[in-house]
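Here's the letter readout for the chains.
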2 protein chains.
Amino acid sequence: MFKISVLTVGDEICIGQVVNTNAAWIATECTQLGCRVAAHSIIGDEKQEITEELKRLLGFSDFVIITGGLGPTHDDVTKDALCEFFDDTLVLHEPTLHFLTNLLLRRGLALSERNKTQAFLPSKCRVITNFRGTAPGMMFERDGKTIISLPGVPAEMQGIMTEFVLPYIAELSRGKECVSYRTLLTTGITEANLADLIGEPAEFLESGTLAFLPSYQGARLRIGVRGTSAEEIDAKIARIEEVIRNRAGKFIFGTDDDSLVSVAARLLVERGETIAVAESCTGGLLGAALTDIAGSSSYFQGGVITYSNNSKESELGVNRETLVKFGAVSGETVEEMAIAVCLKFKAVYGIAISGTAGPGGGSADKPVGTVWIALASSGDVISRKFIFGSDRRINRERTVGAALAMLMEKLRGK
Amino acid sequence: MFKISVLTVGDEICIGQVVNTNAAWIATECTQLGCRVAAHSIIGDEKQEITEELKRLLGFSDFVIITGGLGPTHDDVTKDALCEFFDDTLVLHEPTLHFLTNLLLRRGLALSERNKTQAFLPSKCRVITNFRGTAPGMMFERDGKTIISLPGVPAEMQGIMTEFVLPYIAELSRGKECVSYRTLLTTGITEANLADLIGEPAEFLESGTLAFLPSYQGARLRIGVRGTSAEEIDAKIARIEEVIRNRAGKFIFGTDDDSLVSVAARLLVERGETIAVAESCTGGLLGAALTDIAGSSSYFQGGVITYSNNSKESELGVNRETLVKFGAVSGETVEEMAIAVCLKFKAVYGIAISGTAGPGGGSADKPVGTVWIALASSGDVISRKFIFGSDRRINRERTVGAALAMLMEKLRGK
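Conventions adopted
- Residues numbered from 1 in each chain as written.
- Chains lettered and ligands numbered in written order.
- Predicted model: local features only at pLDDT ≥ 70, side-chain atom pairs only at ≥ 80, totals over all residues.
- Heavy atoms only, no water.
- Buried < 20%, exposed > 50% of the residue type's maximum accessible area, 1.4 Å probe, protein only.
- Helix = DSSP H or I, 4+ residues; strand = E, 2+ residues; numbered from the N terminus.
- Pairing = 2+ DSSP bridges.
- Right-handed = clockwise from strand over helix to strand, strands pointing away.
- Phe/Tyr/Trp six-rings, centres within 6.5 Å; stacked < 30°, edge-to-face > 60°.
- Salt bridge = Lys/Arg side-chain N within 4 Å of Asp/Glu carboxyl O.
- Expected span 1.5 Å × (residues − 1).
- Contact = heavy atoms within 4.5 Å.
- Domains from an automatic or database assignment.
- Buried area = accessible area lost by both parts, 1.4 Å probe.
- Core = buried A, V, L, I, M, F, W, Y, C linked by side-chain atoms within 4.5 Å.
- Polar contact = N/O pair within 3.5 Å; in protein donor to acceptor, adjacent residues only side chain to side chain.
- Nonpolar A, V, L, I, M, F, W, Y, C, P; charged D, E, K, R; others polar.

**A word on the pairing of strand 14 (residues 300-306) of chain A**
Residues and elements named next belong to chain A. Burial within strand 14 is extensive, with 6 of its 7 residues counted as buried. Relative to strand 14, strand 13 (residues 275-279) runs parallel, the two being bridged by 5 bridges. Residue pairing across strands places Ala278 opposite Val304, the latter belonging to strand 14. Handedness of the β-α-β unit built from strand 13, helix 11 (residues 285-290) and strand 14 comes out right-handed.

**Regarding the packing of aromatic side chains**
Residues and elements named next belong to chain A. Enumeration according to the criterion identifies 14 aromatic pairs over all chains in this entry. A ring pair is formed by Phe164 and Tyr168, whose centres lie 5.6 Å apart and whose planes are at 15°; its orientation type is stacked. Of this pair, Phe164 and Tyr168 both sit in helix 7 (residues 154-172), separated by 4 residues, roughly a single helical turn. Under the relative-accessibility criterion, Phe164 is labelled buried at 17%. Taken together, the ring pairs connect Phe85, Phe86 and Phe140 into an aromatic cluster.

**Some points on the pattern of salt bridges**
The tally for this structure, following the rule as stated, stands at 44 salt bridges over all chains. Arg132 of chain A is the salt-bridge partner of Glu163 of chain A, the closest N and O atoms lying 2.5 Å from each other. Here Arg132 of chain A lies in the loop between strand 6 (126-128) and strand 7 (137-142) and Glu163 of chain A lies in helix 7, a separation of 31 residues in the sequence. Residue Arg132 of chain A is classed as partly exposed on the basis of its relative accessible area of 36%. Salt-bridge contacts for Arg393 of chain A lead to Asp292 of chain B; the nearest nitrogen and oxygen are separated by 2.9 Å. Here Arg393 of chain A is found in helix 15 (residues 392-413), whereas its partner Asp292 of chain B is found in the loop between helix 11 (285-290) and strand 14 (300-306) on a different chain. Residue Asp292 of chain B is classed as partly exposed on the basis of its relative accessible area of 24%. The network of salt bridges with shared partners includes Glu53 and Arg56 of chain A together with Glu53 and Arg56 of chain B.

**Digging into helix 2 (residues 21-32) of chain B**
Given a rise of 1.5 Å per residue, 12 residues ought to cover 16 Å, and the 17 Å separating the end C-alpha atoms of helix 2 of chain B matches this to within 8%. Every buried residue of helix 2 of chain B is listed here: Asn22, Ala23, Ala24, Ile26, Ala27, Cys30 and Thr31 of chain B. For helix 2 of chain B, the elements touching its buried residues are helix 1 (11-14) of chain A together with strand 1 (3-9), strand 2 (36-43), strand 3 (63-67), helix 7 (154-172) and strand 9 (178-186) of chain B. Remark: Gly34 of chain B follows helix 2 of chain B within two positions and exhibits a positive phi of approximately 90°.

**A closer look at the domain arrangement of chain A**
When the parts of a complex come together, some accessible area is lost, and that lost area is often used as the size of the interface. Residues and elements named next belong to chain A. Per the domain assignment, the segments making up chain A are domain 1 (3-172), domain 2 (178-255) and domain 3 (260-413). A C-alpha centroid distance of 31 Å is found between domain 2 and domain 3. Summed over both sides, the interface between domain 2 and domain 3 buries roughly 790 Å², with carbon and sulfur atoms accounting for 60% of that surface. Applying the counting rule to domain 2 against domain 3 returns 0 salt bridges.

**Notes on the nonpolar core**
In this structure, Leu316 of chain A together with Leu316 of chain B are the most contacted members of the largest nonpolar core, which totals 42 residues. Secondary-structure elements contributing two or more residues to this core are strand 13, helix 14 (331-344) and strand 16 (370-377) of chain A together with strand 13 (275-279), helix 14 (331-344) and strand 16 (370-377) of chain B. Leave out the neighbours within four places in its chain, and Leu316 of chain B touches Ala278, Val304, Thr306, Ser311, Met337, Ala340, Val341 and Lys344 of chain B.

**Considerations on the side chain of Thr31 of chain A**
With respect to the secondary-structure elements, Thr31 of chain A resides in helix 2 (residues 21-32). When its relative accessible area of 9% is taken as the criterion, Thr31 of chain A is described as buried. Engagement of the side chain of Thr31 of chain A in a polar contact is seen with the backbone oxygen of Ile15 of chain B, the distance being 3.5 Å. Contact partners of Thr31 of chain A, with chain neighbours within four places excluded, come to Val37, Val179 and Tyr181 of chain A together with Ile15 of chain B.

**Observations regarding the interface of chain A and chain B**
Between chain A and chain B, the residue contacts involve 75 residues of the former and 76 residues of the latter. Carbon and sulfur atoms supply 52% of the area buried between chain A and chain B, which totals about 5,900 Å² over both sides. One can count 14 salt bridges joining chain A with chain B. In this structure, the salt-bridge partner of Glu315 of chain B is Lys344 of chain A, at a minimum N-O distance of 3.2 Å. Applying the counting rule to chain A against chain B returns 42 residue pairs in polar contact (both at pLDDT 80 or more). Counting residues per element, the side of chain A that touches chain B draws most heavily on strand 2 (residues 36-43) of chain A, at 8 residues. Here the side of chain A that touches chain B is composed, by residue class, of 32 nonpolar, 24 polar and 19 charged. Pairing of strand 2 of chain A with strand 2 of chain B, which is carried by 3 bridges, proceeds in the antiparallel orientation. When the bridges of strand 2 of chain B are listed, Ile42 of chain A appears paired with His40 of chain B.

Next up, the structure:
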C-alpha cells in the first residue's frame, strides 16, 4: 500500500476558525487513486512543530502533503521550517520572479517587495508553478519518500494537486496494492434499520469492509476492498454490492459521488421534466441546492422566496382564509403554494416549504422545528409534516434533505 | 497554558468522505475558554492506531477529546480501544440501559440487541449521559490528565460538550495563563494591501500575534495575546486594535463572530429597512445567506429565482429588448431586475444577480465566471461587473460575497 499523510499548517485551522476542507479534498483524491491515507495532522504556525510533525509523519508514510503557511505575511513560516528540515537556504528562483511579475502585470499591479519574497525558494526543492496565485508549490525528496508543500488557498492547492501532484502520485503508486471504495446511498431508512436489514456483514464481506455513515440526506453504506488489479477489486466489490442490493435495494438511490440532487437532476433531464420551488423558512436554500450542479437550467425553472404571509398571497395567490384558518405553517398552505408555483413557472413539479426554523417563533401546537413540505405535479399534490429540532441551521439543512427525498421518492416511484 | 488536543476517529474523515467540522467546533469552543489547542489528529477506525495516537497526544496535552467510533455497528471500535488503553473491561451500566429504553420508548421503538450493546461501558470511566442519542460520552483520568470520548454525530457531541465538558474544562483551567483572540473583519481591500497599510506588526504587537486570513467575504485580521487575567488580556488587545483601527479602520465592518450578513442585518433592523433579492446563477444562495440568521423575517421581504430569460420577463418585467440587445448577463438587465424586485416586494433595497457560474455557458466577450450584480434603493441603482474563475461552486460563493459587500458599502456609506 502506498501511504499518504496530510499535514495542515495554520493557527486558524488549529483554533477552529476555519474548517479544514483542504485535508478532506486531498484525502478524497488520493483515496480515489487507491492510496491509503494513513493520517491527518493539524498544527499551528510554529517552525519547530512543523519540522517535528513532518519527521513523525515520514516515519510511516511514503508521501507527505503539507498545506498552508506559504503566504507573504510574517505569520507564514512553512518555507522557513522546510529550509531547516532539509538544511537548506532560500534562493531567488528566477522563473518564479518572472511569472509573478507577469501575473501581477496582467492584474494591473506592480510587484511589491512583499510579493517578491515569494520568489525566494529553498535551493533543494523542485518548484511547482502555481498558476492561480503568488505562492508556488515545492517538492522535496528524502530516503525514497516525497514531501510536497502547497499553498492553503483551496483553489490554488486544488489546481496544483490536479495538474501535478495527483498524476505524480498515480505514477509512484503504480502496481502497488490498492484500496478501493464504493458507497451506496440510501434514503427513507435509518442507519440501525439498514444494519438489521443487511444482517451480519462478516457473512458476505470476505476480506472487505463495510461502514455505515449517517447524513441529513440519508444513511450511506461504504464498501471497501483491497487488491492489486482493477479486475480483482471490481469483482470483490460487485459480489458485496450484490448481496446488499438484494437485501436493501429499494432504499438505494445512487452511488459514490451521486447526491439526491444529482440523481434527481439526471432523472428530470432524461424525462424532459422541470421543477420550480416556493420557499419560506429555507429562504432559497432548496433552489440553491437544485442549481448547485452544472446544466441545472435545463430542469430548474425558477422559484419564489415568500418569506412573509403577504408575499404568499401576492406572489402565489395563497387564500387569505387558508392562512388565517390553518396558519402559514400548515399542509393546506404549502399545498396551495406548491400548485401555484408549478403554474407560475409552467413546471412539471413544484415543491413548497413552510416552517419555523427557530430558534424563535414556535408555539404549543407548532413547536420550533415544525416544517410542512408539499410536492405538486400535474394537478396532484401531497404534503408532509416534519418535526426537527431547535437548531436553525440544522433544521434548514434537514428540510432541504427531506424535500429532496420526497422528490426522489416521486421520481423513482414512477 | 492548559493544552488540549483533539483526536478524530473515523475512516470517513480519514479518506475525506466527510469534512471534519467537529474538530473545528471543539477547537473554537476551547479557544474561547482561553485554552491552547495544541494539535488535531485524524486516524481511521483501527484499535491499535487509536491507542498509539492517544498515548502520543497525552505526551504534550493536559486534556484529550476523542470523537467518533461509538456507534452500534461493527465498524465502531473506539470503546474497545479505550478498554485496551486503560486495561479495562466493558460492564453493563444500568442507568444508561434505563435511559436508552426510555429514549427509544418515547420514539415508539423497542430496545434492540444492537442498541443494548451501547449500555456496556468501560468500568473505570465516568459515564456522561448523551441526551440526544444512544452513544454515551465517557471520561477517564490518568496521571492528572483527562481523556474524554464523545460520539461523532455533531449535535450529540455539541450537546455533551456544552452541558458537561466545557464547564469542566473551564474549572480545570482556572487561574492558568490564557490565550485570547480578537478578529477584525474587513471588506473592500486585499490581504497584501491590508498588510502594507498596517505596516510592520512587530512595532505595535508587543508580545501579541497578528494573523492575516483571506476569505471570499473579505480579509480578516486576528489579534492574539496571552495573559492571566481578563483585565490584562483586554488591555493588550485594545492597544493593538487601536493601532490597526487608526490605520485601516474604514475597511473594518465587524469583529469576531460577525459576518457581512449579521452586520448588514443589524444595520437593516436598526433602521427599519428591508431587502428583497432577484437571483439567477446563484439560484437562491443569496436569499439563503440573508435568512441564515434568526429574526431575518424582520428585514428580508422575499425574492425570486429567475433562472430563465422567460422568467426574468414574466416575473420581473425585464424588457425583452434589454435581454436581446445586452443579454441576460449585463448591467442593463440586472439593474432592471433590482428595481423590479424592490417594487414587487415593497423593499427598501433590491439586489439582483445574473452571471455564468460555469463550467459551461461562457462566450468570448462574457467568459465563464462573468457576473453582474445590481443594488437598487429608492429609485437609485448601481451595478458592477465581476470576473471570477471557472469553478461553479466558488463562483457562486464569491458572487454572494460580492453582493453582500456591495450592500455593506451602501449601508455603511449612509
